[in-house]
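# Residue-level structure breakdown
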Amino acid sequence: MSASQTSDVPTLLVKIFGKDRPGITAGLFDTLAAYSVDVVDIEQVVTRGRIVLCALVTAPPGGLEGDLRATVHSWAESMKMQAEIISGIGDNRPRGLGRSLVTVLGHPLTAESTARIAARITATGGNIDRIFRLAKYPVTAVEFAVSGAEPETLRTALVTESAALGVDVAVVAAGLHRRAQRLVVMDVDSTLIQDEVIELFAAHAGCEKEVAEVTEAAMRGELDFEQSLHARVALLKGLDASVVDKVRSEVRLTPGARTLIRTLKRLGFQVGVVSGGFTQVTDDLKERLGLDFAQANTLEIVDGKLTGRVTGEIVDRAGKARLLRRFAAEAGVPLAQTVAIGDGANDLDMLNAAGLGVAFNAKPVVREAAHTAVNFPFLDTVLYLLGVTREEVEAADMHEDR
């Protein structure tokens, strides 16, 4: 029976709640089947071993509603459950235009922050249709399905609220395209890895302090990236090329990086990195992690020594956005279905060009400009923004182990 066919017919909302156990769902519908009712809608939630099962069904023919009610209550009592049955007309009321998915990350996720996020959604004209927990560790992640408010409206309303509450909130448009985001491109330094690669090289050259000062100024957007790159690389002049292998061994992946990439690849995503660092490191990461794309600057090496110069196309702020578009074209993925992750000012063009730009433990200027921000030190929390649950990640890991 179609929605239009049920719009004006008598219906019953049958609600069962109590301790969960196998056979409850089958038992309820077996009981209802004796009255030749049609199923209009079903929802079931299990929380800490307690089940709430709601079934919206057409009213039984021939004046048998009273008998149905008595039978359902009797069955529920036999199962040590409670039942509630409400008469009405038709299906659920139509949902408002504008469908969004609001993901909230908290560590912990407090009742106060949940209340204020929910209130802000309501204030925009949105209605919370469904809430689902995506993960309970390393952070608590919940997803609100919202209708009646456009994603941009919600995002604007929630960004200030989330910062004040100390939680992260991501808003994306609901629809099939969410799981179809088939390309993820990440920055490398302080995103995929915990380090700034040029500072690792600088430590071997004895100029770590000078390089770090220039790096910080560039990341804050105070210096032109290309000029700062040349200035920092010049300090490495004369280093023996054997340092490259040492730096590769010193690179520390961000917690959750392997899980993020492994899970994305299992989902059929393509994954790439763009970096203002150096191909001497990104090429190694590409091979180790099974990445599909990698692009960075290249340190010039002549006669086994670093010359203090870089060669080839410079990967700067504009270059990262350009490479995102290039990777998307090569992957056959619309730009709207890409995800970009970064932490610095030179990532901003890339974050804004992507369908979803994620500021990861980023500088304030980047958090304010990106679509969403993640302020937890686990890179795999980005999976929750894509609707992937922790259970799905763990199940895939167990399957591979076998």
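In the annotation of an unreviewed UniProt entry, the protein chain is listed under the name Phosphoserine phosphatase and assigned to Streptomyces poonensis. Looking at the Cofactor (unreviewed entry) heading of the UniProt record, one finds this comment for the protein chain: "Mg(2+)". As its UniProt record puts it under Pathway (unreviewed entry), the protein chain is described as follows: "Amino-acid biosynthesis; L-serine biosynthesis; L-serine from 3-phospho-D-glycerate: step 3/3."

### Concerning the packing of aromatic side chains
Applying the stated criterion to the full structure yields 2 aromatic pairs. Judged by centre distance (6.0 Å) and plane angle (85 degrees), the rings of Phe-201 and Phe-278 are edge-to-face. Residue Phe-201 is located in helix H5 (residues 197-205), and its partner Phe-278 is located in strand E10 (residues 270-278); the two are separated by 77 residues in the primary sequence. Taken together, a centroid distance of 4.7 Å and an interplanar angle of 15 degrees make the contact between Phe-293 and Phe-327 stacked. With Phe-293 in strand E11 (residues 293-302) and Phe-327 in helix H11 (residues 317-331), the pair connects residues that are 34 residues apart, well separated along the chain. With relative accessibility at 10%, the residue Phe-293 sits in the buried group. Judged by its relative accessible area of 4%, Phe-327 falls in the buried class. Looking at Lys-15, its charged tip hangs above the ring of Phe-17, at a distance of 5.3 Å from the centre.

### Here's the deal with the pairing of E10
For E10, the buried fraction is high: 8 of the 9 residues fall into the buried class. Summarising the sheet, E10 and E11 pair through 4 bridges and their orientation is parallel. Pairing of Val-273 across the sheet is with Ala-294, part of E11. Taken together, E10, helix H10 (residues 279-289) and E11 constitute a β-α-β crossover, and its handedness is right-handed.

### Side note on H10
All buried positions along H10 are accounted for by Thr-279, Gln-280, Val-281, Thr-282, Asp-284, Leu-285 and Leu-289. Elements in contact with the buried residues of H10: H5, helix H8 (243-250), helix H9 (257-266), E10 and E11. Looking at the residues trailing H10, positive phi occurs at Gly-290, about 70 degrees.

### Observations regarding the packing of H5 against H8
Between H5 and H8, the shortest axis-to-axis distance is 10 Å and the interhelical angle comes to 125 degrees. Taken together, the axis directions place H5 and H8 in an arrangement best described as oblique. The hand of the H5/H8 crossing is right-handed. Between H5 and H8, the residues in contact are Val-197, Leu-200, Phe-201 and His-204 and Val-243, Val-244, Lys-246, Val-247 and Glu-250, respectively. A breakdown of the residues in the contact of H5 with H8 according to their chemical character gives 6 nonpolar, 1 polar and 2 charged.

### Some details on the sheet that holds strand E14 (residues 356-360)
Here 7 strands make up an open sheet; going across it, the order is E12-E11-E10-E9-E13-E14-E15 and the pairing mixed. Bordering the open sheet on either side are strand E12 (305-311) and strand E15 (372-374), each of which pairs with just one other strand. For this sheet, the mean angle separating the axes of adjacent strands, direction not counted, is 25 degrees. Sheet topology places strand E9 (residues 183-186) next to strand E13 (residues 338-342); 4 bridges connect them, and they run parallel. Paired with Val-185 across the bridge in E13 is Ala-340.

### A few points about the sheet that holds strand E2 (residues 39-47)
Read from one edge of the open sheet, 4 strands run E2-E3-E1-E4, paired in antiparallel fashion. Strand pairing shows two members of the sheet lacking a second neighbour, E2 and strand E4 (82-89), which therefore form its edges. Each adjacent strand pair in this sheet contributes to an overall mean axis angle of 10 degrees, direction not counted. Relative to strand E3 (residues 50-58), E2 is paired through 8 bridges, and the arrangement is antiparallel. Looking across to E3, one finds that Ile-42 is bridged to Ala-55. Contacting strand E1 (10-19), E2 and E3, helix H1 (residues 24-33) crosses the sheet at an angle of about 25 degrees to E3. Packed onto the sheet, helix H2 (residues 65-78) meets E1 and E4 and runs at close to 155 degrees relative to E4.

### Some details on the packing of H1 against H2
Between H1 and H2, the shortest axis-to-axis distance is 10 Å and the interhelical angle comes to 155 degrees. In this view, H1 runs roughly antiparallel relative to H2, as classed from their interaxial angle. In this structure, H1 meets H2 at a crossing whose hand is right-handed. In contact with Ile-24, Gly-27, Leu-28, Thr-31 and Leu-32 of H1, H2 contributes Leu-68, Thr-71, Val-72 and Trp-75. Residues belonging to the contact of H1 with H2 are distributed by class as follows: 6 nonpolar, 3 polar and no charged.

### Some words on unusual backbone geometry
Pro-108 follows His-107 through a cis peptide bond whose omega is 0 degrees. Note on placement: Pro-108 falls in the loop between strand E5 (99-106) and helix H3 (111-123). Here the amide bond leading from Tyr-137 into Pro-138 is cis, since omega sits at 0 degrees, within 30 degrees of zero. Inspection of the secondary structure puts Pro-138 in the loop between strand E6 (127-135) and strand E7 (140-147). Of note, Ser-190 is a non-glycine position whose phi angle comes to about 65 degrees, a positive value. Mapped onto the fold, Ser-190 is located in the loop between E9 and H5. Judged by relative accessible area, which is 25%, Ser-190 ranks as partly exposed. Although it is not a glycine, Asn-361 sits at a positive phi angle of roughly 45 degrees. Structurally, Asn-361 is set in the loop between E14 and helix H13 (364-369).

Rules used in this analysis
Residues numbered from 1 in each chain as written. Predicted model: local features only at pLDDT ≥ 70, side-chain atom pairs only at ≥ 80, totals over all residues. Heavy atoms only, no water. UniProt positions renumbered as here; feature names shortened; annotations may be inferred. Phe/Tyr/Trp six-rings, centres within 6.5 Å; stacked < 30°, edge-to-face > 60°. Helix = DSSP H or I, 4+ residues; strand = E, 2+ residues; numbered from the N terminus. Buried < 20%, exposed > 50% of the residue type's maximum accessible area, 1.4 Å probe, protein only. Lys NZ or Arg CZ within 6 Å of the ring centre and 35° of its normal. Pairing = 2+ DSSP bridges. Right-handed = clockwise from strand over helix to strand, strands pointing away. Contact = heavy atoms within 4.5 Å. Axes fitted to C-alpha atoms, helices over the stretch in contact; angles between N-to-C directions. Parallel < 35°, antiparallel > 145°, perpendicular 65-115°, else oblique. Left-handed = near helix turned anticlockwise from the far one by under 90°. Nonpolar A, V, L, I, M, F, W, Y, C, P; charged D, E, K, R; others polar.

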